[in-house]
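Breakdown of the fold
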Protein chains: 2
Amino acid sequence: MRLSDGVEWAIHCCTVLAFVPPDGALPASALAEFHEVPPAYLAKHLQSLSRAGIVEAVPGPKGGYRLGRPPAEVSLLDIVLAVEGAEPAFRCTEIRQRGPAAMPERAYRLPCAIARAMWDAEEAWRDSLAGTSVADVVVSLGETVSPKAAAKAAAWFSEVVR
Amino acid sequence: MRLSDGVEWAIHCCTVLAFVPPDGALPASALAEFHEVPPAYLAKHLQSLSRAGIVEAVPGPKGGYRLGRPPAEVSLLDIVLAVEGAEPAFRCTEIRQRGPAAMPERAYRLPCAIARAMWDAEEAWRDSLAGTSVADVVVSLGETVSPKAAAKAAAWFSEVVR
DNA sequence: GTCCCTATACTCGGATAGCAAGTGTCCGAGTATAGGCGG
DNA sequence: CCGCCTATACTCGGACACTTGCTATCCGAGTATAGGGAC
């Protein structure tokens, strides 16, 4: 099991976009430069965020991206689902309904106990992600990043924000 | 993000193996037939379980697999880690250390707040899986499977177990 | 000097190749069994 | 008749092709801007 690298990039981008004023915008190229990742590939993931309404796209010159709603209302789960898709990681293929001990279909009204256990675990994972917002992450970053680093990032930010 | 199909197969196999007496064994071919999955590919996953000590392999004629320890001491997490590998799903590539706002390496002693949030969620997932044993699953199955289905499976089982 | 128009340059968006990991398969190494042989 | 030996057949174990999905990229559609021209 492996999460796409795009998830990490998308979350980092959202934390940066949290500092963009509501009428401003930050181009994808700037975000790619800031994180030193392939611009075209990052753009692909930003499009996923845009489709999900997490970020808002502004076309044309002076355009770019900004958050589609307040940082406190964007959970990490929203971002993960937008990038990775909403399908569950565990997919029950109902192998219990096959083989020499198989029964008529109506015998399988109740969900498979194994699938239920796996889905419960996945729900715990999603709950944890849903309980953390971009605003929370920004606060945590503010507590762990040194003032010098914050100043350096702020200086870069003021040059590329619009 | 997607879990391998082998995880589902491995868990189902362990629930079946829970019924094998301590001095008995069940060949991989029988497990493949019971679940109607490719025998060679299932064998690959059973080997992973064997390496992890979850199942015990008995070579030669009258050989096969049995659980390596009591069903109550085999958690779903053990199985998932054996099949999928122990690497975390989220991998922090430390992109915060790159780009125009990067700082000297010693500025990054504290772990990335984003990675920490992702790992916390993953820990919740693992805790949930660790809290469910094969014995628990067997009990749940006993409660949800119809008596007729159980009898049919038991009949098949008594013919292939050794 | 002011307003309007047009050409421009920059943005996002979807469609297109390349590669790695999961999927599926095969053949070889090892062992308990079953049968045959000798005592 | 009993014990030993050997050949057999069945098991697991690791090494080899193939396919799906992630990784990475490019080009086209749309828009606010900036400059030039007309009034």
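Everything discussed here concerns the structure shown above.
For the structure given in this document, a descriptive report is provided here. Since the model is a prediction, treat every value here as computed from it, not as a measurement. (Residues numbered from 1 in each chain as written. Chains lettered and ligands numbered in written order. Predicted model: local features only at pLDDT ≥ 70, side-chain atom pairs only at ≥ 80, totals over all residues. Heavy atoms only, no water.)

**Notes on unusual backbone geometry**
Residues and elements named next belong to chain A. Positive phi outside glycine occurs at E36, with the angle close to 60°. Relative to the helices and strands, E36 resides in the loop between α2 (28-35) and α3 (39-51). Judged by its relative accessible area of 46%, E36 falls in the partly exposed class. Although it is not a glycine, K62 adopts a positive phi angle of roughly 65°. Residue placement: K62 occurs in the loop between β1 (55-58) and β2 (64-67). (Helix = DSSP H or I, 4+ residues; strand = E, 2+ residues; numbered from the N terminus. Buried < 20%, exposed > 50% of the residue type's maximum accessible area, 1.4 Å probe, protein only.)

**Looking at the relation of the copies chain A and chain B**
For the pair chain A and chain B, the superposition axis carries a translation of 0.0 Å, the fit reaches an RMSD of 0.0 Å, and the rotation angle comes to 180°. The superposition of one copy onto the other is thereby described by a two-fold rotation axis. For chain A, the residue whose C-alpha comes nearest the rotation axis is A:W125, separated from it by 2.4 Å. Taken as a fraction of all interface residues of chain A, those also at the interface in chain B reach 100%, which identifies the copy contact as same-surface. (Least-squares fit on C-alpha atoms with pLDDT ≥ 70 in both. Contact = heavy atoms within 4.5 Å.)

**Looking at the interface of chain A and chain B**
Opposite the 55 residues of chain A that make contact, chain B presents 56 residues. Surface buried jointly by chain A and chain B totals about 5,100 Å² across both partners, of which 69% is contributed by carbon and sulfur atoms. The largest contributions to the chain A side of the interface with chain B come from A:M1, A:I95 and A:I114, which together make up 16% of the buried area. Here chain A and chain B share one salt bridge between them. Notably, a salt bridge pairs B:E36 with A:R98, separated by 4.0 Å at the nearest N-O pair. In this assembly, chain A and chain B are joined by twelve residue pairs in polar contact (both at pLDDT 80 or more). Among the elements of the structure, α1 (5-17), α2, α4 (76-84), α5 (113-130), α6 (134-144) and α7 (147-160) of chain A are those that each provide at least two residues to the side of chain A that touches chain B. (Buried area = accessible area lost by both parts, 1.4 Å probe. Salt bridge = Lys/Arg side-chain N within 4 Å of Asp/Glu carboxyl O. Polar contact = N/O pair within 3.5 Å; in protein donor to acceptor, adjacent residues only side chain to side chain.)

**Concerning the environment of B:K152**
Residue placement: B:K152 occurs in helix α7 (residues 147-160). Overall, B:K152 belongs to the partly exposed group, its relative accessible area being 36%. Sequence-distant contacts of B:K152, that is, excluding residues within four places in its chain, are made with A:P100, A:A101, A:A102 and A:M103.

**Points about α7(A)**
Residue and element names in this part refer to chain A. Between the first and last C-alpha of α7 there are 20 Å, a value that for 14 residues agrees with the 20 Å anticipated at 1.5 Å per step. Within α7, burial applies to A149, W156, F157 and V160. The buried residues of α7 occupy an angular sector of 105° when projected down its axis, which confines them to one face. When the buried face of α7 is taken as reference, the exposed residues oriented beyond 90 degrees from it are P147, K148, S158 and E159. Along its buried surface, α7 packs onto α1 and α2. (Expected span 1.5 Å × (residues − 1). Arc of directions from axis to C-beta.)

**Considerations on the protein's contact with DNA strand C**
Lining the immediate environment of DNA strand C, one finds 22 residues, of which A:R51, A:G60, A:Y65, B:S4 and B:Y41 sit closest. Taking the atoms of DNA strand C that fall within 4 Å of the protein, sugar and phosphate contribute 61% of them. Counting residues per element, the ones that place at least two in the surface near DNA strand C are α3, β1 and β2 of chain A together with α1 (5-17) and α3 (39-51) of chain B. Its residues placed into classes, the surface near DNA strand C shows twelve nonpolar, six polar and four charged. (Near = heavy atom within 4 Å. Nonpolar A, V, L, I, M, F, W, Y, C, P; charged D, E, K, R; others polar.)

**Here we look at the protein's contact with DNA strand D**
In the vicinity of DNA strand D lie 22 residues, with A:S4, A:Y41, B:R51, B:G60 and B:Y65 positioned nearest. Counting only the atoms of DNA strand D within 4 Å of the protein, the fraction contributed by sugar and phosphate is 63%. Take A:S4: an N or O atom from its side chain is 2.7 Å from a phosphate oxygen of DNA strand D. Between DNA strand D and the protein, one listed contact pairs a phosphate oxygen with a backbone N or O atom of A:D5 at 3.5 Å.

**Examining the state of the cysteines**
Residue and element names in this part refer to chain A. Under the definition given, this model contains zero disulfides over all chains. Between C13, a cysteine without a disulfide, and C14, which holds the nearest cysteine sulfur, the sulfur-to-sulfur distance is 7.0 Å. The class for C13 is buried, based on a relative accessible area of 1%. (Disulfide = S-S within 2.5 Å.)

**Digging into the pattern of salt bridges**
Enumeration according to the criterion identifies eleven salt bridges over all chains in this entry. Note that A:D5 and A:R2 form a salt bridge whose closest N and O atoms lie 3.9 Å from each other.

**Here's the deal with helix α4 (residues 76-84) of chain B**
Quick reminder: α-helices carry 3.6 residues per turn. Residues three or four places apart thus point the same way. Among the residues making up α4(B), those that are buried are B:L76, B:L77, B:I79, B:V80, B:A82 and B:V83. Buried residues in α4(B) make contact with α5 of chain A together with α1, α3, α5 (113-130) and α6 (134-144) of chain B. Phi for B:G85, located one or two positions after α4(B), is positive at around 95°.

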